[in-house]
Amino acid sequence: AKTNQEAAEPSMPSIQAQDDWQQQNDSIKKQCAALPECKKEDQWHWTDTRHWTDPCTRGRIGPIPVVLMALGRSGSSITWSTLSALTGERNIAYERTGQTENVTEQFFKCLENCPLAFHNWTIQLLCHIQQRRSDVTVNSGIAGFQWKPYMNSFDSEYAIEGLKALGSVDPKAKVIYLTRNPLDRKISNMRHELGKQAQKDLPAHCEVNDVECKKRHSAAAGVGVTLPTGEALSHWLNVATRNDAKVGAILREAGVDYVKVSYEQLYNADNADEWMKIFRFLRVGPMEDLTVDDVRATFNLASTHSKGRNETVTNFIGVENTLKGTEFEHFLYD
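An account of the accompanying structure is given in this report. Bear in mind that the values here come from a model prediction, so they are computed numbers and not experimental data. (Residues numbered from 1 in each chain as written. Predicted model: local features only at pLDDT ≥ 70, side-chain atom pairs only at ≥ 80, totals over all residues. Heavy atoms only, no water.)

### As for the sheet that holds strand 3 (residues 174–179)
With parallel pairing, 4 strands are arranged side by side in an open sheet as 2-1-3-5. Each edge of the open sheet carries a strand with a single partner, namely strand 2 (142–147) and strand 5 (257–262). Adjacent strand axes in the sheet meet at a mean angle of 25 degrees, parallel and antiparallel pairs treated alike. By the bridge criterion, 4 bridges tie strand 1 (residues 64–69) to strand 3 in an arrangement that is parallel. Each residue of the ladder has a partner; that of M69, found in strand 3, is Y177. The strands touched by helix 11 (residues 273–282) are strand 1, strand 2, strand 3 and strand 5; relative to strand 5, the strand with the most contacts, the crossing angle is about 175 degrees. (Pairing = 2+ DSSP bridges. Helix = DSSP H or I, 4+ residues; strand = E, 2+ residues; numbered from the N terminus. Axes fitted to C-alpha atoms, helices over the stretch in contact; angles between N-to-C directions. Contact = heavy atoms within 4.5 Å.)

### Observations regarding helix 9 (residues 230–253)
Here helix 9 contains 24 residues, and its C-alpha end-to-end distance of 35 Å stays within 8% of the 34 Å for a straight helix at 1.5 Å per residue. Those residues of helix 9 that sit buried are L233, L237, A240, V247, G248, I250 and L251. (Expected span 1.5 Å × (residues − 1). Buried < 20%, exposed > 50% of the residue type's maximum accessible area, 1.4 Å probe, protein only.)

### Some thoughts on the packing of helix 3 (residues 76–87) against helix 11
Where helix 3 meets helix 11, the closest approach of the two axes is 12 Å, and the angle between their N-to-C directions is 60 degrees. Helix 11 is crossed by helix 3, and the crossing has right-handed handedness. Contacts from T79, T82, L83, L86 and T87 in helix 3 reach W275, I278 and F279 in helix 11. (Left-handed = near helix turned anticlockwise from the far one by under 90°.)

### Looking at the pairing of strand 2
Most of strand 2 is tucked away, with 6 of its 6 residues classed as buried. Here strand 1 pairs with strand 2 via 6 bridges, running parallel. The residue of strand 2 that forms the bridge with V66 is G144.

### Remarks on the pattern of salt bridges
In a structure, side chains of opposite charge can pair up when their charged atoms sit close to one another. All told, the structure shown has 6 salt bridges when counted by the stated rule. In this structure, the salt-bridge partner of E95 is K148, at a minimum N-O distance of 3.2 Å. One end of the pair, E95, is in the loop between helix 3 and helix 4 (101–113); the other, K148, is in the loop between strand 2 and helix 6 (157–166), and 53 residues separate them in sequence. Using a relative accessible area of 25% as the deciding quantity, one classes E95 as partly exposed. When the shortest N-O distance is used, the salt bridge between R309 and D184 registers 2.7 Å. In this pair, R309 sits in helix 13 (residues 309–312) while D184 sits in helix 7 (residues 182–198), placing the two residues 125 residues apart along the sequence. The pair R309 / D184 is uniform in exposure class, with both members buried. (Salt bridge = Lys/Arg side-chain N within 4 Å of Asp/Glu carboxyl O.)

### Concerning unusual backbone geometry
Cis geometry is found at the peptide bond from D170 to P171, where omega equals 0 degrees. Along the chain, the position of P171 falls in the loop between helix 6 and strand 3. Phi at R73 takes a positive value of approximately 65 degrees, unusual for a residue other than glycine. Within the secondary structure layout, R73 lies in the loop between strand 1 and helix 3. The backbone of R283 sits at a positive phi, close to 65 degrees, despite the residue not being glycine. Among the structural elements, R283 can be located in the loop between helix 11 and helix 12 (292–296).

### Some thoughts on the packing of aromatic side chains
The tally for this structure, following the rule as stated, stands at 11 aromatic pairs. When the centroid spacing of 5.8 Å and the interplanar angle of 35 degrees are considered together, the rings of F108 and W147 count as tilted. Here the residue F108 occupies a position in helix 4, and W147 occupies one in strand 2, the gap between them amounting to 39 residues. Like W147, F108 is buried. These aromatic residues form a ring-pair network of at least three members: F107, F108, W121, F145, W147 and F154. In this structure, K174 packs its charged tip against the face of F281, placed 4.8 Å from the ring centre. Between the NZ or CZ atom of K186 and the centre of the ring of W236, over which it lies, the distance is 4.6 Å. (Phe/Tyr/Trp six-rings, centres within 6.5 Å; stacked < 30°, edge-to-face > 60°. Lys NZ or Arg CZ within 6 Å of the ring centre and 35° of its normal.)

### Section: the nonpolar core
Counting residues in each nonpolar core, the largest one holds 34 residues, and the members touching the most others are M69, W147, F154 and L163. Residue assignment for this core shows that the elements contributing at least two residues are strand 1, helix 4, helix 5 (121–132), strand 2, helix 6, strand 3 and helix 9. Beyond its immediate chain neighbours, meaning those up to four positions away, F154 contacts M69, W147, P149, A159, I160, L163, V247, I250 and L251. L83, L266, Y267 and A272 belong to the second-largest nonpolar core, a separate cluster that totals 28 residues. (Core = buried A, V, L, I, M, F, W, Y, C linked by side-chain atoms within 4.5 Å.)

### Points about the side chain of E274
Along the chain, the position of E274 falls in helix 11. With no salt bridge to any partner, buried E274 finds its closest opposite charge in K277, at an N-O distance of 4.3 Å. In contact with E274, not counting residues within four places along its chain, are K260, V261, S262, Q265 and L266. (Lys, Arg positive; Asp, Glu negative; His and termini not counted.)

### A few points about the packing of helix 5 against helix 6
Across the interface, helix 5 lies against helix 6 with an axial gap of 7 Å and an inter-helix angle of 60 degrees. Relative to helix 6, the element helix 5 lies oblique. Each of W121, T122, I123 and L126 in helix 5 lies in contact with helix 6, whose residues at this interface are Y158, G162, A165 and L166. Looking at side-chain class alone, the contact of helix 5 with helix 6 contains 6 nonpolar, 2 polar and no charged residues. (Parallel < 35°, antiparallel > 145°, perpendicular 65-115°, else oblique. Nonpolar A, V, L, I, M, F, W, Y, C, P; charged D, E, K, R; others polar.)

These values are about where atoms sit, not about what they do.
As structure tokens, this is what we get:
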């Protein structure tokens, strides 16, 4: 397999070996940076992470390496922030594989075409996050990145090999697969896009103490969304449901050590059981006697919408009529 052993094995190369590696690959790095698929504006820039292909020794003592897997508008940012705060020092998990479907596809094409990209790129990246990020310290409980599992790239060669690599090290890297009611994800995406149209540069999230940001979101919250109905809605939910099942199947087939959790149980339940499920899986953080108040006290991002589906969706009755009596009816009330 095309693997960088320096990331997989805890052996520190000599200073001379590292210097030789650097000199030998500088020209190839420039070639990779020039590839069209590696130059997307919001892509994982080679200039930004140019050292990720360099030798890296993952410390056995330090934060647990974690990949947070979730589609957009699933609460991944606040979830990571809360998990990191409750397991140690708060840090950020960036969307290193891309924020959108197209950018994520380009990310994996970049890996396929760059000679310096290894099958165990996930371990390489986790290693460099642990070793080189200033907000990741010995007091951090977890450290890692976000990965949106879009189906146009999730079954590609480098996605599969990257997943397999997560279980090839000791201790294994962990994956948290966060899901959300697909209706709510679609509603949130549509609201976000409409909000950006109404207010230029409207941020996706607001800090708890950012009064101006919350005012802007509150003003945008009055805009209702219209969902598709009939066959269009049923087809979309069918695809979303199938894709969720595919993600689970691919993770299992790749031998990934993962836990699946839901946004609804994390944020809408009157207990903290889903949070403790994650901590028990990670084996770090409060695994017993955690309360909802304890969790909410750590939130550093504010909720930007509190209306129910029937208030937000302008054609809710049509949506309800479409889904009643079908396998998707529960999405109306979950």
